[in-house]
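# Observations on chain architecture
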Amino acid sequence: TVSKHLQSLGAEILDCDKLGHKAYEKDTITFAAVVEAFGDSIVDSETGEINRRALGPIVFSDPAQMAKLNSIVWPAIQELALEEMREMRRRGVEICVMEAAVLLEASWHEFVDEIWVVMVPEDVAKSRLMERNSLS
């Protein structure tokens, strides 16, 4: 991927998808807000973590529910991203690549100097998605 190539050249990657997972880990304010908004049925009874497979059908089938989730999670991701960017600056990192599928929708473009858009053929995107999610 472009990010991996840039990383091989010395850039540090800020992966907002990973921050999204971190944003609503158990015992965080965001976790509590998501559970309050969508109910205890989205919490895995064994791990106590939010079960994305339970939350997914709720938010992907209803744009209003997705907007509700985004209104809770995006500010938390933003704060985590800004925190990481500050830490990178303290360490003297010269180039930070913010990898974020919702960069514009979440208004995170305000925190970057440049925006690069990477497009891949549909079959490549499909293949990567299937591999990442262990789909056949």
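Note that the coordinates shown come from a computational prediction; the quantities given were computed from them, not determined experimentally.

Two elements in contact, helix 2 (residues 16-23) and helix 5 (residues 63-90), have axes separated by 9 Å at closest approach and are oriented at 115°. Considering how the two elements wind past one another, helix 2 and helix 5 form a crossing that is right-handed. Contacts between helix 2 and helix 5 involve Cys 16, Leu 19, Gly 20, Lys 22 and Ala 23 on the former and, on the latter, Val 73, Ala 76, Ile 77, Leu 80, Ala 81 and Glu 84.

Below, the discussion takes up the nonpolar core. Counting residues in hydrophobic clusters, the biggest one holds 28 residues, and the most contacted among them are Val 34, Ile 50, Leu 55, Val 73, Met 98 and Trp 108. Of all elements in the fold, only helix 2, helix 3 (29-38), helix 4 (52-60) and helix 5 reach the threshold of two or more residues within this core. Element by element, the count of residues in this core is highest for helix 5, at ten residues.

Attention now moves to the packing of aromatic side chains. Inspection of the entire model under this criterion finds one aromatic pair. With centroids separated by 6.4 Å and ring planes inclined at 65°, the aromatic side chains of Trp 74 and Trp 108 adopt a geometry described as edge-to-face. Of this pair, Trp 74 sits in helix 5 while Trp 108 sits in the loop between strand 2 (96-99) and helix 6 (122-132), and the two are 34 residues apart along the sequence. On the basis of relative accessible area, Trp 108 is assigned to the buried category, the value being 3%. The ring of Phe 38 has Lys 68 sitting right over it, with the charged end atom 5.2 Å from the ring centre.

Procedures and definitions
Residues numbered from 1 in each chain as written. Predicted model: local features only at pLDDT ≥ 70, side-chain atom pairs only at ≥ 80, totals over all residues. Heavy atoms only, no water. Axes fitted to C-alpha atoms, helices over the stretch in contact; angles between N-to-C directions. Helix = DSSP H or I, 4+ residues; strand = E, 2+ residues; numbered from the N terminus. Left-handed = near helix turned anticlockwise from the far one by under 90°. Contact = heavy atoms within 4.5 Å. Core = buried A, V, L, I, M, F, W, Y, C linked by side-chain atoms within 4.5 Å. Buried < 20%, exposed > 50% of the residue type's maximum accessible area, 1.4 Å probe, protein only. Phe/Tyr/Trp six-rings, centres within 6.5 Å; stacked < 30°, edge-to-face > 60°. Lys NZ or Arg CZ within 6 Å of the ring centre and 35° of its normal.

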